[in-house]
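# Chain and residue survey
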Amino acid sequence: MNSFVSDFKTRATEKAGDLRHRQVIRTALRGYEIVRDKRKAAFQSWESARQAAAVTKWEAVNHLDTHLKALVAKLEARGTKVHWASNGEQAREIIAQILRDKQARSIIKSKAMTSEEIHLNHALEKEGFTVVESDLGEFIVQLRHEPPYHIVFPSMHLTRGEIKDLFQRELGDAPSDTPEDLTMVARRVMRQKYITADVGFTGANFAIAETGMISITENEGNARLTAALPKTMITLIGIEKVLPRFADLALFLPMLATAGAGQPMTCYNTMYSGPRQPGECDGPEEWHVVLLDNRRTELLADAEQRDALHCIRCGACLNVCPIFRNVGGHTYGTTYSGPVGSVITPHLRGLQEWKHLSKASSLCGACTEACPVKIDLHHHLLQNRRNASAAEPAFFERLAFQIFGIVANEPAFWSLAKKIGWLTQPWQRLVKGSPLDPARAWTKTRDLPPQPRESFKDWWRNRQ
Amino acid sequence: MTEREKILGRIREALQTKATMPGAHEGEPSPALAGASTNQARAWLPSVGASEAEQFDLFARNAADLKADFQLLASREDLKSALTRLRDQEHWQRVASHRGEISDLACQALGLPVLLTDRGYDVQTLEQCDVGITECDALIAQTGGVLVTNRSAGGRALSVLPPHHVVLARREQLTADLPAAFALLQQKYAPDFPSMISFITGPSRTGDIERILVLGAHGPRKLTIFCV
Ligand code: SF4
C-alpha cells in the first residue's frame with residue numbers, strides 16, 4: 001500500500017467519525033441545494049442548457065490546438081505576453097523570472113486553483129517574495145498554512161469562532177466573531193496591499209478564442225482590484241479553459257454561477273483583452289498570460305475520459321458527493337478534490353498512486369447529475385478502476401476469481417461449496433469483523449447476507 | 001523546439017483519436033456546431049418578458065434580490081435631487097467620477113470636489129473617495145446586473161475601489177438578456193474592445209465565513225443604480 005492510500009484511509013476514517021466536522025460541512029452546504037434548485041428552475045430549460053454547454057466544451061476541447069492559436073494571436077496583438085509551460089516547474093520559473101525582472105517584492109493574488117496545482121506560493125516565498133491571497137477564503141487558509149478545503153469555498157470547514165481566533169492570533173485584530181466584522185478586518189488589511197503590491201496575480205475561468213480574452217468570475221471584487229492597481233499582472237490558466245466564441249459566455253456565466261453557488265450570476269464577471277491600452281487611464285502596463293499543460297494533454301489523449309477537461313470547476317459535484325461530505329476536502333490530499341478530483345488526479349499525478357480515489361465512491365451518480373457540462377464522472381471512476389487493475393492486476397483478486405470460475409462452472413463443486421457455506425456460515429457470525437474472520441475486509445462494516453436454506457436449484461427440482 | 005510547439009504537438013497527437021460528442025448516437029448525424037448550441041441560449045436562460053415595462057419590472061426585482069438599490073427616475077431633475085439626497089444622507093465629502101454626459105451633470109449637481117479618473121489619477125486619493133459615480137453600457141433585465149467597460153465607466157478601478165458605486169444609466173440602455181448584452185458589446189466595440197469588460201451583478205459579496213452573506217468584501221458595499 002503506498003503512502004497516499006494509507007494517508008487517505010487514515011484521514012477518511014478519522015474525518016468520517018468526526019461528528020463536529022460533519023456538522024460544520026452540513027451547515028455550510030445546507031442552503032446550497034435549495035438555492036441552486038431554485039435558480040435551476042428559473043431557467044426555461046436547464047437540461048437543454050447543459051447539453052449545449054457540453055457540446056460547446058466538446059467543440060473547444062476537440063479543436064484545442066486551433067482555438068489556442070487563435071487565442072494567443074489575439075492576445076499578443078494587443079500587447080499581452082504569452083508564455084507556455086509544459087509542467088509546474090516551468091510555470092513557476094516563468095513566473096519567478098517575471099518577478100525578478102520587475103524587481104518585485106510583493107504579490108497580491110486572487111483565487112487560482114492552477115497556482116495551488118503548481119505549489120506556486122511556496123516556491124515564491126522560498127525566493128523571498130511576499131505573496132498575499134486576497135480572496136477571503138484563500139486568505140484564511142493561507143493564514144492557517146493549509147491548502148483550500150474546497151475548490152470554490154476554500155474555508156468552508158472553519159467556524160466563525162476559529163476564524164476569529166485565527167485573526168486575533170495572526171493579525172491582532174478581531175472585534176467580534178460575526179461574519180461581517182471578520183470580513184471587514186480582511187478588507188482593511190487588504191486595501192493597502194492592493195495599492196502597494198508590485199504584481200497582481202490571477203487565475204481564470206474561461207479564455208475566449210474568438211476575441212482573445214480571459215474571463216474571470218468572482219464575488220468579492222478582489223480579482224477586479226488585482227487586475228486594476230498593480231503595474232504588472234500575471235494570469236495562470238490551464239490550456240483546457242478555452243471557449244470558441246465570445247457569445248458562449250452568455251450561457252456559461254449564468255450556468256457556472258447557478259451550479260456553483262445557486263446564484264443567478266456571480267457578482268463580477270470580467271473579460272480582459274490586454275494590458276492598459278493607449279488612451280486608457282489605468283490597468284497594468286504589462287500583462288503576462290501563462291498557459292499551463294501539466295499533463296492535461298495526457299488526459300486529452302484518453303478519448304474515453306477527454307470530457308473531464310470540460311470541467312468549469314464549479315464545485316457542484318463536490319457539494320453533492322456523499323463521500324466528500326463525509327471525509328472532507330483535505331482527506332483527498334489533492335489539489336482538486338471530490339468526484340472530479342478523483343477522476344482527473346490519476347491522470348495528472350499517476351494512476352497507480354491515485355487509483356484509490358476512484359474506489360472511494362458509492363457510484364451513486366449524484367456528481368454526474370449535478371455537473372453543468374455533463375461530464376460522465378461516475379463512469380470515469382469505474383474506468384479508472386478498470387484501467388488500474390488492467391495495468392497492474394491484483395494477484396489475490398485474480399486468484400480468487402479464477403477459483404470462483406472453476407467452482408461456479410462445475411455443478412459438483414458448486415453443491416459442495418453450498419454445503420460448506422451452510423455449515424460454516426453460523427460460525428462466521430461469531431467471529432464477524434474480528435481478525436479471525438477470513439472475509440474481514442468486507443464484513444468489518446457490512447453484513448454477509450444469510451445463505452438461504454433452499455437454493456434455487458433445489459427449489460426447482462422439488463417444485464412439483 | 002519551443003514549449004509552444006511541444007504543447008501544440010502533444011495536443012494534435014492526442015486529438016488523433018476522436019471522442020464522441022455528448023448526446024451523439026451512432027448512425028445519427030451529429031448536432032450542428034459553430035455556435036448553433038449557444039446561439040439558442042436565449043430559449044433556455046431565464047425568461048424576461050416581452051415589453052419594456054415587464055423588463056424594467058424584472059430588473060427591479062432582480063436588483064432587489066441582489067441588495068442593489070435601483071431607482072427609475074422620470075427626469076434629469078429627479079436624478080439631481082436623488083443624488084443630492086444620497087450625498088446628504090451619507091455625508092459624502094469627496095466624489096470620484098469620469099467625463100460623460102450624465103456623469104458631468106451629476107458632478108455639477110453634487111457641488112463637491114470631484115476626482116476625475118479619465119486622464120490618470122492617484123490611487124490613494126481614489127481610495128479616500130466616498131463614492132465612485134460611473135456611467136455604463138447596459139442594464140441587464142435577466143440578471144439585475146450592470147455592464148461596464150473601462151471605456152464607459154472611467155477605467156478599471158473607479159467602479160470597484162470606492163465603498164459605494166453609483167451607476168447612471170439611460171432608459172434605452174435596458175437590455176433584455178445576456179445574449180443581447182454580448183451582441184451589444186460586439187456591435188459597439190468589435191474588433192477594438194476595451195481592455196476590461198465587466199458584468200457587475202450586485203454589490204461585492206462573500207460567503208466565505210460559514211456561507212453567510214456579507215456585502216462589501218473587497219469591492220463596494222453599496223451599489224446604487226439610477227436610470228433616467
Ligand atoms: S466536474 Fe462538473 S460539477 Fe464537478 S466541478 Fe467540474 S464542472 Fe463542476
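Computed from a prediction, not measured in an experiment: that's the story for all the values here.

## Describing the overall build of chain A
- Broken down by element type, chain A carries 24 helices and 10 strands.
- A total of 464 residues make up chain A; the buried ones form 56% of that total.
- Contacts in chain A between residues at least 24 apart in sequence constitute 73% of all its contacts with a sequence separation of at least 6.
- Carbon and sulfur atoms form 56% of the exposed surface of chain A, whose accessible area is close to 19,600 Å².

## Section: the packing of helix H21 (residues 395–409) of chain A against helix H22 (residues 411–431) of chain A
All names here are of chain A.
- Remark: H21 packs on H22, axes separated minimally by 5 Å, with the N-to-C direction vectors making an angle of 105°. Judged by the inter-axis angle, H21 sits roughly perpendicular to H22. Residues Phe404, Ile406, Val407, Ala408 and Asn409 of H21 form the contact with H22, whose participating residues are Pro411, Phe413, Trp414 and Ala417.
- Split by residue class, the contact of H21 with H22 holds 8 nonpolar, 1 polar and no charged.

## Things to note about the site of the ligand
- Neighbouring residues of the ligand: 13 residues in total, closest A:Cys311, A:Cys314, A:Gly315, A:Cys317 and A:Cys371.
- Among the residues forming the shell around the ligand, the class breakdown is 11 nonpolar, 1 polar and 1 charged.

## Comments concerning the interface of chain B and chain A
- In this complex, chain B contributes 80 residues to the contact, which on the side of chain A involves 100 residues.
- Summed over both partners, the interface of chain B with chain A comes to about 7,700 Å²; 61% of that surface belongs to carbon and sulfur atoms.
- One can count 4 salt bridges joining chain B with chain A.
- Of the charged contacts, one joins A:Arg191 and B:Glu127 as a salt bridge, the two residues approaching to 3.2 Å between their closest N and O atoms.
- For the pair chain B and chain A, the number of links is 48 residue pairs in polar contact (both at pLDDT 80 or more).
- Elements that contribute at least two residues to the side of chain B that touches chain A include exactly helix H1 (3–14), helix H2 (36–39), helix H6 (123–128), helix H7 (178–189), strand S9 (196–200), strand S10 (205–206) and strand S11 (214–215) of chain B.
- Counting residues per element, the side of chain B that touches chain A draws most heavily on H1(B), which supplies 8 residues.
- Split into classes, the residues belonging to the side of chain B that touches chain A amount to 39 nonpolar, 25 polar and 16 charged.
- As paired elements, strand S9 (residues 268–272) of chain A and S9(B) share 5 bridges and run antiparallel to each other. Bridge pairing in S9(B) places A:Met271 opposite B:Ile197.

## So, the environment of A:Lys355
All names here are of chain A.
- Along the chain, the position of Lys355 falls in the loop between helix H17 (351–354) and helix H18 (356–359).
- In this structure the C-alpha to C-alpha distance between Lys355 and Val340, which are 15 residues apart in sequence, comes to 13 Å.
- Looking at Lys355, its side chain comes within polar contact range of the side chain of Gln352, at 2.9 Å.

## Quick word on a nonpolar patch on the surface
- A surface patch of nonpolar side chains, amounting to about 460 Å² of accessible area, comprises A:Phe395, A:Phe396, A:Leu399 and A:Ile403.
- Assignment of secondary structure puts A:Leu399 in helix H21.

## Some thoughts on the domain arrangement of chain A
- Per the domain assignment, the segments making up chain A are domain 1 (49–294), domain 2 (311–391) and domain 3 (405–463).
- Its C-alpha centre places domain 2 of chain A at a distance of 34 Å from the equivalent point of domain 3 of chain A.

## Overview of the sheet that holds strand S6 (residues 145–149) of chain B
- Read across the sheet, 8 strands follow the order S8(A)-S5(A)-S6(A)-S9(A)-S9(B)-S6(B)-S5(B)-S8(B) without closing on themselves; strand pairing throughout is mixed. Taken across any chain shown, the strands that pair with only one partner, and hence form the sheet edges, are strand S8 (242–243) of chain A together with strand S8 (174–175) of chain B.
- Pairing of S6(B) with S9(B) involves 4 bridges; the strand directions are antiparallel. Looking across to S9(B), one finds that B:Val146 is bridged to B:Ile200.

## With respect to the sheet that holds strand S10 (residues 286–292) of chain A
Residues and elements named next belong to chain A.
- If you walk across this open sheet you meet the 6 strands as S1-S10-S7-S4-S2-S3, and the pairing is parallel. In this open sheet, the two strands that pair with only one neighbour each are strand S1 (81–85) and strand S3 (130–133). Pairwise comparison of adjacent strand axes, ignoring direction, gives a mean angle of 20° for this sheet.
- Pairing geometry for strand S2 (residues 106–109) and strand S4 (residues 199–202), over 3 bridges, is parallel. In the strand pairing of S4, Lys109 is matched with Phe201.

## Description of the domain arrangement of chain B
Residues and elements named next belong to chain B.
- Per the domain assignment, the segments of chain B are domain 1 (18–47) and domain 2 (49–227).
- A C-alpha centroid distance of 36 Å is found between domain 1 and domain 2.
- Across the contact, 5 residues belong to domain 1 and 6 residues belong to domain 2.
- Taking both partners together, domain 1 and domain 2 bury about 430 Å²; carbon and sulfur atoms supply 51% of that area.
- In terms of surface lost to domain 2, no three residues of domain 1 exceed Arg42, Leu45 and Ser47, which account for 80% of the buried area on that side.
- Here domain 1 is connected to domain 2 by 1 salt bridge.
- A salt bridge links Arg42 to Asp177; the shortest N-O distance between them is 2.6 Å.
- Our count for the domain 1 to domain 2 interface comes out at 2 residue pairs in polar contact (both at pLDDT 80 or more).
- Classifying every residue of the side of domain 1 that touches domain 2 gives 3 nonpolar, 1 polar and 1 charged.

## Quick notes on the pattern of salt bridges
- According to the stated counting rule, one finds 36 salt bridges over all chains in the structure shown.
- Measuring nitrogen to oxygen at the nearest pair gives 2.8 Å for the salt bridge that ties A:Glu133 to A:Lys109. A residue pair is termed long-range when its members are at least 10 positions apart, and A:Glu133 in strand S3 and A:Lys109 in strand S2 qualify at 24 residues. We note that A:Glu133, like A:Lys109, is buried.
- Here A:Asp293 ties to B:Arg10 by a salt bridge, and the two come within 2.9 Å at their closest N and O atoms. Remark: B:Arg10 occurs in helix H1 and A:Asp293 occurs in the loop between S10 and helix H13 (296–301); the pair is interchain, linking two chains.
- Owing to a relative accessible area of 1%, A:Asp293 belongs among the buried residues under this scheme.

## Thoughts on the pairing of S9(B)
- Counting buried positions along S9(B) gives 5 out of 5 residues, so the element sits mostly inside the fold.
- Of the two faces of S9(B), both are covered, the one formed by B:Met196, B:Ser198 and B:Ile200 as well as the one formed by B:Ile197 and B:Phe199.

## Overview of the packing of aromatic side chains
- Across all of its chains, the model carries 17 aromatic pairs over all chains by this definition.
- Ring centres 6.1 Å apart and planes at 65° place the aromatic pair A:Phe8 and A:Tyr332 in the edge-to-face group. With A:Phe8 in helix H1 (residues 3–16) and A:Tyr332 in the loop between helix H15 (322–327) and helix H16 (338–349), this pair connects stretches of sequence that are 324 residues apart.
- Overall, A:Phe8 belongs to the buried group, its relative accessible area being 7%.
- Ring-pair connections join several aromatic residues into one group, and the members of that group are A:Phe8, A:Tyr149, A:Phe324 and A:Tyr332.
- In this structure, A:Arg463 is placed above the aromatic ring of A:Trp460, and the distance from its NZ or CZ to the ring centre is 3.8 Å.
- Against the face of A:Phe153 rests B:Arg211, its NZ or CZ located 3.6 Å from the ring centre.

Rules behind the numbers
Residues numbered from 1 in each chain as written. Chains lettered and ligands numbered in written order. Predicted model: local features only at pLDDT ≥ 70, side-chain atom pairs only at ≥ 80, totals over all residues. Heavy atoms only, no water. Helix = DSSP H or I, 4+ residues; strand = E, 2+ residues; numbered from the N terminus. Buried < 20%, exposed > 50% of the residue type's maximum accessible area, 1.4 Å probe, protein only. Contact = heavy atoms within 4.5 Å. Areas by Shrake-Rupley, 256 points an atom, 1.4 Å probe, with all protein chains shown as cover. Axes fitted to C-alpha atoms, helices over the stretch in contact; angles between N-to-C directions. Parallel < 35°, antiparallel > 145°, perpendicular 65-115°, else oblique. Nonpolar A, V, L, I, M, F, W, Y, C, P; charged D, E, K, R; others polar. Near = heavy atom within 4 Å. Buried area = accessible area lost by both parts, 1.4 Å probe. Salt bridge = Lys/Arg side-chain N within 4 Å of Asp/Glu carboxyl O. Polar contact = N/O pair within 3.5 Å; in protein donor to acceptor, adjacent residues only side chain to side chain. Pairing = 2+ DSSP bridges. Patch = residues over 30% accessible without salt bridge, like charges linked within 9 Å, V, L, I, M, F, W, Y side chains within 5 Å. Domains from an automatic or database assignment. Phe/Tyr/Trp six-rings, centres within 6.5 Å; stacked < 30°, edge-to-face > 60°. Lys NZ or Arg CZ within 6 Å of the ring centre and 35° of its normal.

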